[in-house]
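# Survey of secondary and tertiary structure
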Amino acid sequence: MISAKFLVPAVSCQHCVRAVTTDVSSLAGVQRVEVDLATKIVTVEHDQDLEAATIIAAIQEAGYDEVQRLEA
Ligand SMILES: [Cu+2]
């Protein structure tokens, strides 16, 4: 299991938290999604074979174009 962090600056309310959580959770291999509204950091626990690019794409599909991967 890998824990990856992404900064999503446009996350601003509980609606955003739900949208990102729902889209990322729907990916195969995702164990847990946590969105911190204060820091705008999305933490995703996932299987080894799920790539960061796939998670970023899911966040962008939720409507948040700017996504920055943070080093763990
Ligand atoms: Cu919002």
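As a convention, each chain's residues are numbered from 1 in the sequence order in which they are written. Per-residue local features are limited, in this predicted model, to residues with pLDDT of at least 70; the limit for side-chain atom pairs, both in listing and counting, is 80 or more; totals at the level of whole chains, interfaces and linings are taken over all residues.

## So, the environment of Ser25
To keep things clear, this is the line we draw: For the purposes of this entry, the term helix denotes a DSSP run of H or I that reaches at least four residues, the term strand denotes a run of E that reaches at least two, and both are numbered from the N terminus. Three exposure classes are used. Buried residues have 20 or more other C-beta atoms within 10 Å of their own C-beta, exposed residues have 12 or fewer, and partly exposed residues fall in between, all C-beta atoms being placed from the backbone. In this description, any two residues whose backbone-derived C-beta atoms lie within 7 Å of each other are considered to be in contact.
Mapped onto the secondary structure, Ser25 falls in helix H1 (residues 14–25). Look at Ser25 and you get partly exposed, because 13 C-beta atoms sit within 10 Å. Spatially, the C-alpha atoms of Ser25 and Val44 are 8.8 Å apart, while their sequence positions differ by 19 residues. In this view, Ser25 contacts Val30 and Val33; residues no more than four positions away in its chain are not counted.

## Digging into helix H2 (residues 52–61)
Selection criterion: Arc, as used here, means the arc of the directions from the helix axis to the C-beta atoms.
Along H2, the residues that are buried comprise Ile55, Ala58 and Ile59. For H2, the arc enclosing every buried residue in end-on projection is 100°, short of the 170-degree limit, so these residues lie on one face. As for H2, its buried residues are in contact with strand E1 (2–7), H1 and strand E3 (41–46).

Nothing here speaks to function; it is geometry throughout.
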